[in-house]
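Each chain is listed here by its residues.
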Amino acid sequence: MKLGFSTIGCPEWDWAEVLGTAKDMGLDGIEIRGLEDELDPMKISIFDKEHLEKTREQLRRAGIEIAMLASSVTLGSPKGSQEGDHQLHQAKTQIDFAAQNKIPFVRTLLTLDPAPIPADLQAAQERYCALCDYAKDKGVRVLVESCGLFSDTLLLGYFVRQANPESRGVLWDIQHPYRYNHERPCQTVENLGDEIRYVQVKDSVVDEKGQIEYRMMGLGDLPIYDAVRQLYLRGYDGYLTLEWLKRWRPELRDPDVIFYQFQAYMETLLAEIENEE
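Residues numbered from 1 in each chain as written. Predicted model: local features only at pLDDT ≥ 70, side-chain atom pairs only at ≥ 80, totals over all residues. Heavy atoms only, no water.

Participant: With reference to specific residues and values, describe the overall build of the chain.
Facilitator: A tally of helices and strands in the chain yields nine helices and ten strands. The globule rule puts the C-alpha radius of gyration for 277 residues at 19 Å, and the 18 Å found for the chain is close to it. The burial tally for the chain puts 55% of its 277 residues in the buried class. If you sum the accessible surface of the chain, you get close to 12600 Å²; carbon and sulfur atoms cover 47% of it. For the chain, the distance from the average position of its 31 positive side-chain charges to the average position of its 47 negative side-chain charges is 4 Å. (Helix = DSSP H or I, 4+ residues; strand = E, 2+ residues; numbered from the N terminus. Rg over C-alpha atoms; globule rule 2.2 N^0.38 Å. Buried < 20%, exposed > 50% of the residue type's maximum accessible area, 1.4 Å probe, protein only. Areas by Shrake-Rupley, 256 points an atom, 1.4 Å probe, with all protein chains shown as cover. Lys, Arg positive; Asp, Glu negative; His and termini not counted. Charge placed at Lys NZ, Arg CZ, Asp CG, Glu CD.)

Set out below in structure tokens:
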């Protein structure tokens, strides 16, 4: 499996520090979820016309890829709404950019809230199928994250399988189905199967007030080992990417500590799983 980190974990770093750290760690990829003060991937300066070719060359020399564009596109706005049309247009723009730059995945969400809240599932289904049809000949998969109502991965699996198999897929965020739908990893993997194309990892506990408190890898109670083992047994060879939510929670520990601890933890965990065989 491949390791990477999301830029959501290092909002104060510039591109040189992001790329330099990934190269120093020997990681496979970087997930783009904002850079410095800009969250929209289409407005990040490293991807503008003036800097794009230089960015491509820097990535090539470092042996690192952009693993995914983690967009904020949502699918669940009411049918016929102006917001729904806007989100669809934004997603197509990002799919085109990903195709031009050989970025394999673009993330979409049902809703921005990771907790299960109401959404227009029929409209979301129509939009998702339209996006997968749009992406099918572009070498890009449009992923739906396992959050919101899709923390229920039985529902998520059904939803995704209505779309074009060449360009559909699931982003499994290990936390949400476990926290909100009480799913064990074996159940999630059974529900989603080979639709799992990308995995985000983190660790956490729930405090006495019922709030999620993020921890360094191995210091929380998320079933990370079980999740990775289930993926390994199924032959998954894609990304395990750290999503450290420091952009939204600045009180969290700095990435120069967290990223390296994540790498050491995951490499040890993967070695243990491989040695079980």
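Participant: Run through the layout of surface pockets, naming residues and quoting values.
Facilitator: Estimates place the volume of the largest pocket at around 490 Å³. Taken together, 24 residues make up the lining of the largest pocket; nearest its centre are Leu112, Pro114, His176, Tyr214 and Leu245. Elements with a contribution of two residues or more to the lining of the largest pocket: helix 6 (175–181) and strand 9 (212–215). Class assignment for the residues of the lining of the largest pocket results in eleven nonpolar, four polar and nine charged. (1 Å grid on protein atoms, 1.4 Å probe; cavity = no way out; pocket = protein on both sides within 12 Å on 5 of 7 lines; lining within 4 Å. Points joined across faces, edges and corners; volume = space filled by probe spheres on them. Nonpolar A, V, L, I, M, F, W, Y, C, P; charged D, E, K, R; others polar.)

Participant: A description of the nonpolar core should follow, citing residues and the corresponding values.
Facilitator: Ranked by internal contacts, the top residues of the largest apolar core, which has 86 residues, are Phe5, Trp15, Ile30, Tyr128, Val199, Leu240 and Phe259. In this structure, Tyr128 is in contact with Leu75, Val142, Val144, Phe159, Val160, Ala163, Arg168 and Gly169, ignoring residues within four places of it in sequence. (Core = buried A, V, L, I, M, F, W, Y, C linked by side-chain atoms within 4.5 Å. Contact = heavy atoms within 4.5 Å.)

Participant: Lay out the state of the cysteines with the relevant residues and their values.
Facilitator: Applying the stated criterion to the full structure yields zero disulfides. Cysteine Cys132 is unpaired, with the sulfur of Cys129 as its nearest cysteine sulfur at 6.7 Å. Judged by relative accessible area, Cys132 falls into the buried class, the value being 0%. (Disulfide = S-S within 2.5 Å.)

Participant: Can you explain the pattern of salt bridges? Please cite residues and give values.
Facilitator: In the structure shown here, the tally under the stated rule is 17 salt bridges. Note that Lys246 is salt-bridged to Asp254, the shortest N-O span being 3.3 Å. Look at the salt bridges and you will find they share partners, linking Glu57, Arg60 and Arg61 into a network. (Salt bridge = Lys/Arg side-chain N within 4 Å of Asp/Glu carboxyl O.)

Participant: Would you mind going over the packing of helix 5 (residues 153–160) against helix 7 (residues 185–192) in detail, with residue names and values included?
Facilitator: In the contact formed by helix 5 and helix 7, the axes pass within 8 Å of each other and the chain directions differ by 15°. The angle between the axes of helix 5 and helix 7 places the two elements in the roughly parallel class. Classified by chirality, the crossing of helix 7 by helix 5 is right-handed. Of the residues in helix 7, those in contact with Thr153, Leu154, Leu156 and Gly157 of helix 5 are Thr188, Asn191 and Leu192. By residue class, the composition of the contact of helix 5 with helix 7 is three nonpolar, four polar and no charged. (Axes fitted to C-alpha atoms, helices over the stretch in contact; angles between N-to-C directions. Parallel < 35°, antiparallel > 145°, perpendicular 65-115°, else oblique. Left-handed = near helix turned anticlockwise from the far one by under 90°.)

Participant: I'd love a proper account of helix 4 (residues 121–135), names of residues and values included.
Facilitator: Taking 1.5 Å per residue, 15 residues should reach 21 Å; helix 4 reaches 21 Å between its end C-alpha atoms and fits that length. Turning to helix 4, its buried residues are Ala123, Ala124, Gln125, Arg127, Tyr128, Cys129, Leu131, Cys132 and Ala135. Against the buried residues of helix 4 lie helix 3 (82–100), strand 4 (105–108), strand 5 (141–145), helix 5 and strand 6 (168–173). By the N-cap criterion, in which a side-chain oxygen at the helix start approaches the backbone nitrogen of a residue two or three places on, helix 4 is capped by Asp120, the distance to Gln122 being 3.3 Å. (Expected span 1.5 Å × (residues − 1). Polar contact = N/O pair within 3.5 Å; in protein donor to acceptor, adjacent residues only side chain to side chain.)

Participant: Which residues make up the packing of aromatic side chains, and what values go with them?
Facilitator: Following the criterion strictly, the structure yields seven aromatic pairs and no others. A ring pair is formed by Tyr198 and Tyr239, whose centres lie 5.8 Å apart and whose planes are at 35°; its orientation type is tilted. You can see Tyr198 sitting in strand 7 (residues 196–201) and its partner Tyr239 sitting in strand 10 (residues 239–242), a full 41 residues away along the chain. Residue classification places Tyr198 among the buried residues on the basis of a relative accessible area of 0%. Judged by its relative accessible area of 2%, Tyr239 is buried. (Phe/Tyr/Trp six-rings, centres within 6.5 Å; stacked < 30°, edge-to-face > 60°.)

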